[in-house]
Amino acid sequence: MKPTLALVAAASAALVATAAEAKKAPPAPAVIERTGQPQGVISSTALLPPGSKILYISGTTPSPLDPAKPDEFGDTATQTQSILSKMKTQLEGMGWSMGDIVKMNVFLVAALPGGRMDSAGMNTVFKTYFGTPEQPNKPTRSTVQVAALGRPTMLVEIEAIAAKAP
């Protein structure tokens, strides 16, 4: 009988201690953890807490500069501006923001002499949407050169994943 009473007493003490711990500090709010170099244009990692809402944004291409000329999209920077502007509008319409983007895949067609993609042109615009004082979050990102996109004059396509912590 004594071992049973000792077990009950120990269990009761553990419950009281657990209850006291629970009252001490409220749990910290769940956040998306991002790591990377402060001067970098992207995050190295993004860790989502359990229960996060995830939103997938399909590959987005630029809009023509002039609707009367449907195959003129401009250079890499102009096309990147068009795409990120469209994404921002889409996200804001759903109650999300560019700061919620955690992963991007960027597809660039060679536009520079020597058959190279214009990653500098893309990054010039990219930096106006991510890692700014107004919007400090930076997504993780892959950027690859591709042979072609849906139309011969398209140089950029971007897909993204956004997330909100619970």
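In case you missed it, the structure is sitting above this.
Residues numbered from 1 in each chain as written. Predicted model: local features only at pLDDT ≥ 70, side-chain atom pairs only at ≥ 80, totals over all residues. Heavy atoms only, no water.

### Looking at the packing of aromatic side chains
Filter applied, for reference: Working definition: a ring pair exists when centres of Phe, Tyr or Trp rings (six-membered ring for Trp) sit within 6.5 Å. Plane angles under 30 degrees give stacked, over 60 give edge-to-face, the rest tilted. Exposure is judged per residue with a 1.4 Å probe applied to protein chains only, and the accessible area is read against the type maximum: over 50% gives exposed, under 20% gives buried, and values in between give partly exposed. In our convention, an over-ring charge means Lys NZ or Arg CZ found within 6 Å of a ring centre and within 35 degrees of that ring's normal.
Scanning all chains against the criterion turns up one aromatic pair. Aromatic pair F126 and F130: ring centres 4.6 Å apart, planes at 35 degrees, arrangement tilted. The same class applies to F126 and to F130, which are both buried. Here the basic side chain of K164 rests over the ring of W96, its NZ or CZ set 5.1 Å away from the ring centre.

### As for the pairing of strand β7 (residues 156-164)
The criterion, for reference: At least two DSSP bridges between two strands are required for those strands to pair. Each helix is a run of DSSP H or I of at least 4 residues and each strand a run of E of at least 2, with the numbering of both proceeding from the N terminus.
As judged from the six bridges shared by strand β3 (residues 53-60) and β7, these two strands associate in the antiparallel manner. Bridging from a neighbouring strand, K53 pairs with K164 of β7. Both strand β4 (residues 101-112) and β7 contribute to a ladder of seven bridges, which runs antiparallel. From the neighbouring strand, V106 faces β7, where its bridge partner is I158.

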